[in-house]
Amino acid sequence: MLTTKLFNYAIIYIFIFERLIELLINQYNKKIMVKKYAAKVKFPREALQMRIFHFLWFVALLVETNFNGKMLDGFSLYICVFILILAQSLRWYAIFTLGSNWSVDVYQMKGHP
């Protein structure tokens with residue numbers, strides 16, 4: 001049977017895995033946008049800062065879970081999981097809808113303001 005602690009860690013690691021997949025999709029779409037639209041990353045420094053921020057957020061999440069020891073359980077856990085699934089569903093809907101135009105970076109396309 002799945003314990004609450006194992007369930008919490010599973011959610012965290014699934015979320016990290018999803019973010020890694022998103023970065024791979026981003027790299028694939030970047031190649032397409034550069035080739036098709038001669039696009040350039042508009043704010044490369046800010047994009048790097050956001051990646052560092054996300055990485056540190058995951059590190060903080062794991063550290064807090066390990067050292068603080070407080071984990072969600074019961075009804076609050078199910079509400080948080082439901083909200084996370086809903087938010088991730090909307091995120092993946094946007095990724096699939098935008099197709100090769102989706103990116104985590106902001107691009108400036110040649111001939112566009």
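Preceding this section is the structure that the text describes.
These numbers come from a predicted model, not from an experiment.

Remarks on the overall build of the chain
- Within the chain, the regular secondary structure consists of three helices and two strands.
- C-alpha extents for the chain along the principal axes are approximately 55 × 25 × 20 Å.
- When contacts within the chain are restricted to residue pairs at least 6 apart in sequence, long-range pairs at least 24 apart make up 93% of them.
- A total accessible area of about 8,800 Å² is found for the chain, and carbon and sulfur atoms account for 71% of it.

Comments concerning the packing of helix α1 (residues 4-37) against helix α2 (residues 44-68)
- With their axes 11 Å apart at the nearest point, α1 and α2 run at an angle of 170 degrees to one another. Relative to α2, α1 is oriented roughly antiparallel. The segment α1 lies against α2, with Y9, I12, Y13, F15, I16, R19, L23 and N26 engaging R51, H54, W57, F58, L61, L62, T65 and N66.
- Per-class residue counts for the contact of α1 with α2 are 10 nonpolar, four polar and two charged.

Side note on the pattern of salt bridges
- Taken as a whole and assessed by the stated rule, the structure comprises two salt bridges.
- Two residues, R91 and E22, come together in a salt bridge whose shortest N-O distance is 2.7 Å. Placement of R91 in helix α3 (residues 74-98) and of E22 in helix α1 is noted, with a sequence separation of 69 residues between them.
- In this structure R91 comes out as partly exposed when scored by relative accessible area, which is 27%.
- Note that D105 is salt-bridged to R51, the shortest N-O span being 3.2 Å. In this pair, D105 sits in the loop between α3 and β2 (107-108) while R51 sits in helix α2, placing the two residues 54 residues apart along the sequence.
- With a relative accessible area of 11%, D105 lands in the buried category.

Topic: the side chain of N26
- Its location among the elements puts N26 in helix α1.
- Within polar-contact distance, the side chain of N26 engages the backbone nitrogen of V104 at 3.1 Å.
- Ignoring sequence-local partners within four residues, the contact set of N26 consists of R51, W102, S103, V104, D105 and Y107.

Rules and cut-offs
Residues numbered from 1 in each chain as written. Predicted model: local features only at pLDDT ≥ 70, side-chain atom pairs only at ≥ 80, totals over all residues. Heavy atoms only, no water. Helix = DSSP H or I, 4+ residues; strand = E, 2+ residues; numbered from the N terminus. Contact = heavy atoms within 4.5 Å. Areas by Shrake-Rupley, 256 points an atom, 1.4 Å probe, with all protein chains shown as cover. Axes fitted to C-alpha atoms, helices over the stretch in contact; angles between N-to-C directions. Parallel < 35°, antiparallel > 145°, perpendicular 65-115°, else oblique. Nonpolar A, V, L, I, M, F, W, Y, C, P; charged D, E, K, R; others polar. Salt bridge = Lys/Arg side-chain N within 4 Å of Asp/Glu carboxyl O. Buried < 20%, exposed > 50% of the residue type's maximum accessible area, 1.4 Å probe, protein only. Polar contact = N/O pair within 3.5 Å; in protein donor to acceptor, adjacent residues only side chain to side chain.

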